[in-house]
Amino acid sequence: MTNLLKKTASNGVVTLTINNPPVNALSFVVRQALLDAVNDAEADSNVRAIVIGSTGRLFSGGADIREFDAPIIEPGLPGLIDRIEACTKPVVIALFGTTLGGGFELAMGCHYRIASPGAFVGLPEVHLGLIPGAGGTQRLPRLIGAEAAIEAITTGRHIPGEEAVVLGALDEIADGDIIAAAQAAAVRMSQDGERLPRTCDRTVDVASVTEGLFDSAKAKLSKRRRGFEAPPAAVNAIAWSVTESCPEGLTKERTLSAKLKASIQSKAQRHLFFAERMALKIPDIPRNTPLRDVRSAGVIGAGTMGVGIALSLLSAGIPVTLVETEQDALERGFGRLRKILDRDVERGRLSAEKRDERIEGLSGGLKLEALSGADFVIEAAFESLELKKDIFSKLDKITRDTAILASNTSTLDLDDIAQSTSRPERVIGTHFFSPANIMRLLEVVRGELTAKDVVATTMSLGKRIGKVPALSGVGYGFIGNRMLEDYVRESQMLLLEGATPAQVDGVLEKWGMAMGPCAVMDLAGQDISFLTRDQNRHLLPDDPRYCVPGDLMNALGRFGQKTRRGFYQYPDGRTRKNDPEVVTLIKKAAMDLGVRQRNDISGEEIFSRCIHALVNRGAQLLDDGIALRASDIDVIWSAGYGFPAYRGGPMFFGSTIGLSAVVDAFKDHEKNLSNDFGYWTPAPLLVKLASENKTFADFDADRRGGV
Ligand SMILES: NC(=O)c1ccc[n+]([C@@H]2O[C@H](COP(=O)([O-])OP(=O)(O)OC[C@H]3O[C@@H](n4cnc5c(N)ncnc54)[C@H](O)[C@@H]3O)[C@@H](O)[C@H]2O)c1
């Protein structure tokens, strides 16, 4: 007996209610209880049908991901679902809220599927480097056709229940008491004497299998999900639903699913799944810390970032007051904001009604006084310490005592800004990434004096507006940009030594980075990168070679995409084309500096110098206490810097290859390259962990134990 599955019986119908908070995961105890209950019901002549329901916020989040690292304890989900499908008495399922992964697969094995209005179903396994492995790739195409199944499974999207009925994945939407509706359907089915509709008995609708469907789906995925193994594997599995019998397809699906479960890619993506959740927990801040109310927000500066930040807040239903210095600038900001919303409506991403709601939530002003009623103010004006201090000292007087004051600075000292107010405990950094309405990452910067409830409220606000928040301490570049500095330094050094931008970017993109560092600088603007470097020279190594190619691009007005020339040419403003002139220019700069150019720079060297440097800087930030956990760093780099999720972030990657391999690479570079500036002296923490044969996960676990 378990209390994770409640069992009631009336009128010959046994109702099984899953009760495994918080997400009704189908963990071992639940599976065993379901199996026993179905077996009992089948054997009991007083029972004519079974209803499966659930309690809480959602029907089920699916399998228990924590069980994935251990061997399956039988009954596994696939066997349980097969058993339910084979049951000779009708099994009806009543869904509500969201039903994902194994939960939806369970539903597909039942004989009738009812959902309440507003329910969602989905198979998001690809996001964990997996395929639906409990029949999803075989049953879904049998219900909705191969083409729709490919779309649903390779995107992993949440499908609204109403749409799922139209597609054929669910049978009906029932208002009111869905358990009662399911019981009525179960009685009806037990009486009508018809053969039970088993999904596995069906064949895939041939009209849904167009010529070349599977190959073209894989070709598209090789671009859209470059490097990810699971999505094309899912397409292969869906193809079996057409070519194989259902039992054969299920067997093959199980083998493929087990292989993916054991893959590094899936382990990496599972690591990130937990890392994102862990990032919200701050060791010295109790979970029940009362949060401050955030009912309205203010944003200062309607530039690139301010508009994106305002959009993010509005999308969560938080009214925003945008403040600029000039009417023109304010109107331009409003115009850009509306244009983005209109485009979303045109592309079907947003309803016209939602757009209007968001626009209604927006107001503007030319004076900071317009923010007197705001609960949370985010400053996104120019990157100038004087200006920000001036704004914060005024905000201190204008805003409510309880208001939280945040800065979007990417390089300035937050503690310094906080000191310009009488309430440094209510000052915090919210480092958004561009475009702020799209990029998922939010680095929350905790100042020396920032109060715990202010940190907790900001993390929670980040989540509320759809971001992935991760905490950083105060330090140049915080976590993400500080690590970027080393990565870009090496990419630039390689250019000076004779590699071409296309070579450097090519190696790193092939390895999985969304965009190589030279292309990123062209996109962000060489002038912007230069300005940041130039304002912070005192914090950077006094190395005459430091980022010289980037400085050169800036000096020549080759700002990147916006001037159609940078490290590359952009004839149409977007598509890169190699530029031989750049190679010549950098060669000359190298000669002037006395840097010997080589033509033997290998892909391995490019990869090692850029990626191992990242891992090392991450270790240093952990040692310095700027980063709390290695897993937070992984979240930051995968959510904000295009680091491939299937490699789990730089720290997970370093641990995967072994930290002593990273230290060895540093030793090689120390021997072969100049180490005058300490670039190849490994971080003490990295050396220590490597010598103890530990990983960053061990470090995180030890640190957790220590607080
Ligand atoms: N652009 C990025 O990729 C990026 C990323 C992260 C953080 N940041 C940071 O965000 C901030 C804003 O950057 P941006 O790229 O949006 O700059 P931007 O130049 O596009 O916009 C700044 C806006 O602030 C306005 N402004 C200046 N002083 C003001 C004042 N006193 N009151 C009200 N408005 C004022 C300006 O008129 C301008 O419209 C900077 O601190 C920057 O370092 C930028």
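Here the structure is a predicted model, which means the values were calculated and not measured. Every chain begins its residue count from 1, and numbering advances along the sequence as written. In keeping with the predicted nature of the model, local features appear solely for residues at pLDDT of at least 70, side-chain atom pairs appear and are counted solely at 80 or more, and the whole-chain, interface and lining totals rest on all residues. Computation of side-chain values covers all heavy atoms of the structure but excludes hydrogens and water.

Asks: I'd like a description of helix α23 (residues 580-593), backed by residues and values.
Replies: Each helix is a run of H or I in the DSSP string that is no shorter than four residues. Each strand is a run of E no shorter than two, and both are numbered from the N terminus. Multiplying one less than the number of residues by 1.5 Å gives the expected span of a helix. An ideal rise of 1.5 Å per residue puts 20 Å on 14 residues; α23 measures up with 20 Å between its terminal C-alpha atoms. Burial classes follow relative accessibility: with a 1.4 Å probe on protein chains only, a residue under 20% of its type's maximum area counts as buried, one over 50% as exposed, and anything between as partly exposed. Along α23, the positions that sit buried rather than exposed are Val 582, Ile 586, Ala 589 and Ala 590. Buried positions in α23, seen along its axis, are confined to an arc of 100 degrees and lie on one side of it. Exposed and oriented more than 90 degrees from the buried face of α23 are Pro 580, Thr 584, Lys 588, Met 591 and Asp 592. At the N-terminal boundary of α23, the capping side chain belongs to Asp 579, with an oxygen 3.0 Å from the backbone nitrogen of Glu 581. Note that the arc is computed from the directions linking the helix axis to the C-beta atoms. Two N or O atoms count as a polar contact when they lie within 3.5 Å, although within protein this holds only if one can serve as hydrogen donor and the other as acceptor, and sequence-adjacent residues are included solely when both atoms are side-chain atoms.

Asks: For the environment of Ala 329, give the residues involved together with the corresponding values.
Replies: Within the secondary structure, Ala 329 is located in helix α13 (residues 327-346). In sequence terms Ala 329 and Leu 366 are 37 residues apart; their C-alpha atoms lie 9.7 Å from each other.

Asks: For the pattern of salt bridges, give the residues involved together with the corresponding values.
Replies: Each reported salt bridge corresponds to a side-chain nitrogen of Lys or Arg within 4 Å of a carboxyl oxygen of Asp or Glu. Enumeration over the complete set of coordinates arrives at 52 salt bridges. Residue Lys 252 is joined to Glu 244 by a salt bridge in which the shortest nitrogen-to-oxygen separation is 3.7 Å. Judged by its relative accessible area of 34%, Lys 252 is partly exposed. By relative accessible area, which is 22% here, Glu 244 ends up partly exposed. Two residues, Asp 375 and Arg 400, come together in a salt bridge whose shortest N-O distance is 2.7 Å. In this pair, Asp 375 sits in the loop between β12 (362-365) and β13 (376-379) while Arg 400 sits in the loop between α15 (385-398) and β14 (404-407), placing the two residues 25 residues apart along the sequence.

Asks: Please provide a residue-by-residue account of the nonpolar core, values included.
Replies: Judged by nonpolar contacts, the single largest core of 82 residues is most densely connected at Ile 18, Ile 52, Val 92, Phe 104 and Leu 140. Of all hydrophobic cores here, the second largest spans 72 residues; its members include Ala 275, Ile 479, Ile 586 and Phe 653. Nonpolar cores are built from buried Ala, Val, Leu, Ile, Met, Phe, Trp, Tyr and Cys residues. Side-chain atoms within 4.5 Å join them into one set.

Asks: Lay out the sheet that holds strand β5 (residues 98-100) with the relevant residues and their values.
Replies: Here, any two strands with at least 2 DSSP bridges between them count as paired. In spatial order, the strands read β5-β7-β8; together these three strands make up an open sheet with mixed pairing. Looking along the sheet, the strands with just one partner apiece sit at the ends: β5 and β8 (159-160). Across three bridges, β5 lies against strand β7 (residues 120-122) in parallel orientation. Residue pairing for β7: Thr 99 is matched across the bridge by Val 121. Residue contacts are defined here by distance: any two heavy atoms, one from each residue, within 4.5 Å place the two residues in contact. To obtain each axis, a line is fitted to C-alpha atoms, and for helices this fit is confined to the stretch in contact; angles are then taken between N-to-C directions over 0 to 180 degrees. The strands touched by helix α3 (residues 102-109) are β5 and β7; relative to β5, the strand with the most contacts, the crossing angle is about 90 degrees.

Asks: Account for the environment of Ser 312, naming residues and giving values.
Replies: Tracing the backbone shows Ser 312 in helix α12 (residues 304-315). Residue Ser 312 is classed as buried on the basis of its relative accessible area of 3%. In the structure, Ser 312 is positioned 301 residues away from Asn 11 in sequence and 51 Å away in space, judged by C-alpha atoms. Here Ser 312 is in contact with Ala 436, Asn 437, Ile 465 and Lys 467, once residues within four sequence places are set aside.

Asks: Could you give an account of the site of the ligand, naming the residues involved and the relevant values?
Replies: Near the ligand you find 22 residues, and of these Met 305, Glu 324, Glu 383, Lys 388 and Asn 408 are the closest. Taking Met 305, its main chain carries an N or O atom lying 2.8 Å from an oxygen atom of the ligand. Within the backbone of Ala 381, a nitrogen or oxygen atom sits 3.3 Å from an oxygen atom of the ligand. Surface accessibility follows the Shrake-Rupley procedure with a 1.4 Å probe radius. Residue values consider only the protein chains on display as shielding. About the coverage of the ligand: the protein hides 77% of its 830 Å² of free accessible area. Counting only elements with at least two residues in the shell around the ligand, the list comes to α12, α15 and β15 (427-432). Residue composition of the shell around the ligand, grouped by class: ten nonpolar, nine polar and three charged. For this description, a residue counts as near a given molecule or strand if any of its non-hydrogen atoms is within 4 Å of it. In the scheme used here, Gly and all other residues not listed as nonpolar or charged are polar, with Ala, Val, Leu, Ile, Met, Phe, Trp, Tyr, Cys and Pro taken as nonpolar and Asp, Glu, Lys and Arg as charged.

Asks: Explain the environment of Pro 650 to me, using residue names and the numbers behind them.
Replies: Position of Pro 650 among the secondary structure elements: in helix α26 (residues 650-657). With 309 residues separating them along the chain, Pro 650 and Leu 341 place their C-alpha atoms 35 Å apart. Those residues in contact with Pro 650 that lie beyond four places of it in its chain are Met 483, Leu 614, Val 615, Ile 633, Asp 634, Trp 637 and Phe 643.

Asks: Residue-level account of the state of the cysteines, with values.
Replies: Defined by distance alone, a disulfide is two cysteine sulfur atoms within 2.5 Å. Taken as a whole and assessed by the stated rule, the structure comprises one disulfide. The disulfide bridge from Cys 200 ends at Cys 246, spanning 1.8 Å between sulfur atoms. Taking the torsion about the sulfur-sulfur bond, which here is approximately -85 degrees, the covalent link between Cys 200 and Cys 246 counts as left-handed. Separated by 46 residues along the polypeptide, Cys 200 in the loop between α7 (178-192) and α8 (213-224) and Cys 246 in helix α10 (residues 246-261) bring together distant segments of the chain. Judged by its relative accessible area of 16%, Cys 200 is buried. Its sulfur unpaired, Cys 518 is 8.6 Å from the next cysteine sulfur, which belongs to Cys 610.

Asks: For unusual backbone geometry, give the residues involved together with the corresponding values.
Replies: When glycine is set aside, most residues are seen to have a negative phi, and most peptide bonds are trans. Cis geometry marks the peptide bond from Pro 21 to Pro 22, where omega comes out at 5 degrees. Summarising the element assignment, Pro 22 is placed in the loop between β2 (13-18) and α1 (28-43). With an omega dihedral of -5 degrees, the bond running from Ser 434 to Pro 435 counts as a cis peptide bond. Counting through the fold element by element, Pro 435 comes out in the loop between β15 and β16 (441-446). Unlike most non-glycine residues, Cys 547 shows phi in positive territory, near 50 degrees. Here Cys 547 shows up in the loop between α21 (526-535) and α22 (548-555).

Asks: So what about the packing of aromatic side chains? Which residues, and what values?
Replies: The geometry of two aromatic rings is summed up by the distance between their centres and the angle between their planes. When two rings of Phe, Tyr or Trp (its six-membered ring) have centres within 6.5 Å they constitute a pair, described as stacked for plane angles under 30 degrees, edge-to-face for angles over 60, and tilted for the intermediate range. Taken as a whole, this structure holds 13 aromatic pairs when the rule is applied. Residues Tyr 487 and Trp 637 carry aromatic rings whose centres are separated by 5.8 Å and whose planes lie at 75 degrees to one another, so their mutual orientation is edge-to-face. Taken together, the positions of Tyr 487 in helix α18 (residues 480-496) and Trp 637 in helix α25 (residues 630-640) put the pair 150 residues apart, joining distant regions of the chain. In this structure, Tyr 487 and Trp 637 share a single accessibility class: buried. What links up through ring pairs into an aromatic cluster is the set Phe 433, Tyr 487, Trp 637 and Tyr 641. It is Arg 225 that lies over the ring of Phe 228; its NZ or CZ is 4.2 Å from the centre. By definition here, charges over rings are those cases where NZ of Lys or CZ of Arg is within 6 Å of the ring centre and within 35 degrees of the ring normal.

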